[in-house]
Amino acid sequence: TTKKFTVEKIDYIYERLRTQITSNESSITSQSYVFFIIGASGDLAKRKIYPTLWWLYRDGVLPKNISFIGYSRSQLTIEQIFENSHKYMKIQEDEHDIYEKFLKLNSYISGSYDKSEDFENLNSKANKISHQVNAHRLFYLALPPNVYESVSELISKHCRPASPGWLRLIIEKPFGKDLESSNKFSQHLNKLYTEEEIYRIDHYLGKEMVQNILVLRFSNRIFSRVWNRDSIAGVQIIFKEKIGTHGHGSYFDEVGIIRDVIQNHLMQILSILAMEKPRSTTGEDIRDEKVKVLRCIAPIKLENVIVGQYIDDKNVPKDSTTPTYAQIILFIKNERWDGVPFILRAGKALNERKAEIRIQFRDVPGRMFDEELSENNVERTLARDELVIRIQPDEAIYLKINTKRPGEMNFSIEETELDLTYNERYQGVKLPNAYERLILDVFMGSKINFVRSDELQEAWRIIDPILAEIEKKKLQIIPYKFGAIGIREAFDAAVKQGFIYT
Ligand code: NDP
Ligand code: BG6
């Protein structure tokens, strides 16, 4: 059955990962690994990193000789760290033994983010714990960006493994707050690390449906032939959240939805959707194409930007101009896409949580089925074809098409869907979450799903002028109510670009 097939397939993939990671180095040469969580006392570590490491360990996909070291300033024990994380770990009844084993592989060290001696101490403790000075080392910086520079410098200075051990540095966004600060941080990192060693996380690249875009586009002739301005009328990339700024109003006030979601997550999706076919599936070939298409994006016109703010967050300062909702319409000046609007829309505090891509095709030429009411008045009877890739919730790909209404005489047409809803088609298959995939990618040295510095630079180049205009208060911030569907002006702007809502 389908179910059996797909479950086996996933098992097969895990098995491949297992052998790739464990047999190559660890069991043959007894190579050890140390995974450092810097900022172990924090929110990201508690909610995402520790649970993810636990699930990967439980599923047997991590190297055999591994230890985990948490590091931050707070005086804590590893038991306290695990207590804080416990409710996110979802430990099952029959998993207690293996959980105990995982716990034993973990330790915690407290120290500053700016003193050499603390990182020397971290280094010697790590050597002791892993019984090797040349263990491979992975550092996850789960820290606020104000300490990135000093921490990355001290790690490079004091915590590098002896050869042949390698070092990989995982960094979370924000990568700067504008082009200048992002470039400055990139230059800082480049002095200390090779690009090879740096893994910039954009967790949307770890989502199943985002990873699927590449396969969908380049393994189906039916799509590859129409993936251009001749057939596509417009593309929408939509992010909606029900939650507001999580009570982080003052933090969010310096960031806003454009920096928080559009500059990274939506721009990444756009680049994969619009890029040319990469030469191969290697990280460098794919990222080369992503950068190339970003370079073709024309400067955004102010009239193609709509920003809004929901009105009832008490944490947001009164005079704040930070958008919690934004729509940006972009144009890609190349042969494939010239004239096709790419609409990037993101909002917090809306009516639902949803992330999706909607690719709307042009009208069928010839209008054979349209009903002529009078000479200049034709009633549209055909809806446009639309390919929808739903990233979350409930992963799905569906193609909206026109068919003959079953059983009816004549040409009675209705819109229906060719529907690939994952819950139905792949029942029983557990999709790993984004962090599971991405952390595993780092172990394997796969760069496909991480952001390269030139991609980052391009994304900032595109967004930066808009942020400057918002700061200069050149754009009117449209208020909206918590729980709204969106902002009317944004939908109107999409319609103006030729998008048809059916
Ligand atoms: P936290 O605010 O929880 O900070 C992590 C740790 O850093 C804290 O436990 C604290 O540890 C230390 N810290 C906090 N503030 C400061 C400060 N001003 N100076 C020095 N150290 C400080 O951050 P998160 O865990 O939420 O996020 C970590 C990184 O991940 C950030 O860059 C964030 O933008 C990014 N991120 C977070 C997400 C999340 O869901 N939380 C999602 C996506 C990205 P101690 O005092 O013990 O040293
Ligand atoms: C983060 C943003 O990058 O993505 C958050 O900083 C947002 O503001 C989150 O809530 C959304 O992620 P997901 O995976 O829940 O869609």
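What counts and how
- Residues numbered from 1 in each chain as written.
- Chains lettered and ligands numbered in written order.
- Predicted model: local features only at pLDDT ≥ 70, side-chain atom pairs only at ≥ 80, totals over all residues.
- Pairing = 2+ DSSP bridges.
- Helix = DSSP H or I, 4+ residues; strand = E, 2+ residues; numbered from the N terminus.
- Axes fitted to C-alpha atoms, helices over the stretch in contact; angles between N-to-C directions.
- Buried ≥ 20, exposed ≤ 12 C-beta atoms within 10 Å, placed from the backbone.
- Contact = placed C-beta atoms within 7 Å.
- Near = placed C-beta within 6 Å.
- Nonpolar A, V, L, I, M, F, W, Y, C, P; charged D, E, K, R; others polar.
- UniProt positions renumbered as here; feature names shortened; annotations may be inferred.
- Core = buried A, V, L, I, M, F, W, Y, C linked by C-beta atoms within 7 Å.
- pLDDT = per-residue confidence, 0-100.
- Expected span 1.5 Å × (residues − 1).
- Arc of directions from axis to C-beta.

### Considerations on the sheet that holds strand E10 (residues 341-347)
Point 1. Spatially, E16-E15-E14-E11-E7-E10-E9-E8-E17 is the arrangement adopted by the nine strands of the open sheet, whose pairing is mixed. Two strands close off the open sheet at either side, each with one partner strand: strand E16 (413-421) and strand E17 (477-480). Direction aside, the axes of adjacent strands within the sheet are offset by 20° on average.
Point 2. By the bridge criterion, four bridges tie strand E8 (residues 305-310) to strand E9 (residues 325-331) in an arrangement that is antiparallel. In the strand pairing of E9, Val305 is matched with Ile328.

### Digging into unusual backbone geometry
Point 1. Following Lys173, the chain continues to Pro174 via a peptide bond in cis, the omega torsion being 10°.
Point 2. Inspection of the secondary structure puts Pro174 in the loop between strand E5 (167-172) and helix H7 (179-192).
Point 3. In this structure, the amide linkage connecting Gln392 to the following residue, Pro393, adopts the cis form with an omega of -10°.
Point 4. Relative to the assigned elements, Pro393 resides in the loop between strand E14 (386-392) and strand E15 (396-404).
Point 5. A positive phi angle, near 50°, is found at Lys90, a position not held by glycine.
Point 6. Secondary-structure assignment places Lys90 in the loop between helix H3 (78-89) and helix H4 (96-104).
Point 7. Phi at His131 takes a positive value of approximately 55°, unusual for a residue other than glycine.
Point 8. Relative to the assigned elements, His131 resides in the loop between helix H5 (116-130) and strand E4 (136-141).

### A word on the environment of Phe36
Point 1. Secondary-structure assignment places Phe36 in strand E1 (residues 33-38).
Point 2. In this structure Phe36 comes out as buried when scored by C-beta crowding, with 24 C-beta atoms within 10 Å.
Point 3. Sequence-wise, Phe36 and Ser67 are 31 residues apart; in three dimensions their C-alpha atoms are separated by 8.6 Å.
Point 4. The contact partners of Phe36, leaving out residues within four places of it in the chain, are Ile69, Tyr71, Arg137, Leu138, Phe139 and Tyr140.

### Describing the site of ligand 2
Point 1. Inspection of the region around ligand 2 gives His203, Glu241, Asp260, Val261 and Ala355 as its neighbouring residues.
Point 2. Looking at the shell around ligand 2, its residues break down into two nonpolar, one polar and two charged.

### Here we look at the site of ligand 1
Point 1. Within the structure, ligand 1 sits among 20 residues, and Gly42, Leu44, Ser72, Arg73 and Ser74 are positioned closest to it.
Point 2. With four residues, the top contributor of residues to the shell around ligand 1 is helix H2 (residues 43-58).
Point 3. Partitioning the shell around ligand 1 into residue classes produces nine nonpolar, six polar and five charged.

### What to know about the UniProt feature "domain: Glucose-6-phosphate dehydrogenase NAD-binding" (unreviewed entry) in the chain
Point 1. What UniProt calls "domain: Glucose-6-phosphate dehydrogenase NAD-binding" (unreviewed entry) maps, in this numbering, to residues 37-212.
Point 2. With 47% helix and 17% strand, the stretch residues 37-212 has end C-alpha atoms that lie 29 Å from each other.

### A short note on the nonpolar core
Point 1. Ranked by internal contacts, the top residues of the largest apolar core, which has 118 residues, are Leu141 and Ile262.
Point 2. In this structure Ile262 touches Ile257, Met267, Ala326, Ile328, Leu344, Ala346 and Ile463, once residues within four positions along its chain are discounted.

### As for the pairing of E10
Point 1. Counted residue by residue, E10 has seven buried out of seven residues, so it is predominantly covered.
Point 2. Bridge count for strand E7 (residues 232-240) against E10 is six bridges, and the pairing is parallel. The residue of E10 that forms the bridge with Ile237 is Leu344.
Point 3. Two elements, E9 and E10, share seven bridges in a ladder whose sense is antiparallel. Pairing of Leu330 across the sheet is with Phe342, part of E10.

### Quick word on the confidence of the model for the chain
Point 1. In this model, the chain carries an average pLDDT of 90, and 90% of its residues clear a pLDDT of 70 or more.
Point 2. Long-range and interchain partners of residues 1-9, a stretch whose pLDDT sits below 50, account for seven contacts in this model, where long-range means more than four residues apart.
Point 3. Both scores are available for the predicted complex, with the pTM at 0.92 and the ipTM at 0.96.

### Quick look at helix H11 (residues 283-295)
Point 1. With 13 residues, H11 should reach 18 Å at 1.5 Å per residue; the first-to-last C-alpha distance of 18 Å fits that figure.
Point 2. Turning to H11, its buried residues are Ile286, Arg287, Lys290, Val293 and Leu294. Buried positions in H11, seen along its axis, are confined to an arc of 125° and lie on one side of it.

### Quick notes on the sheet that holds E5
Strands belonging to one sheet form pairs held by backbone hydrogen bonds; the direction of such a pair is parallel or antiparallel.
Point 1. An order of E3-E2-E1-E4-E5-E6 is seen for the six strands of this open sheet, with the pairing classed as parallel. At either end of the open sheet lies a strand with only one pairing partner, and these are strand E3 (106-110) and strand E6 (198-201). Looking at each pair of strands side by side, their axes are set apart by 20° on average, direction ignored.
Point 2. Of the pairings in the sheet, the one linking E4 to E5 comprises five bridges and is parallel in character. Residue pairing for E5: Leu138 is matched across the bridge by Arg168.

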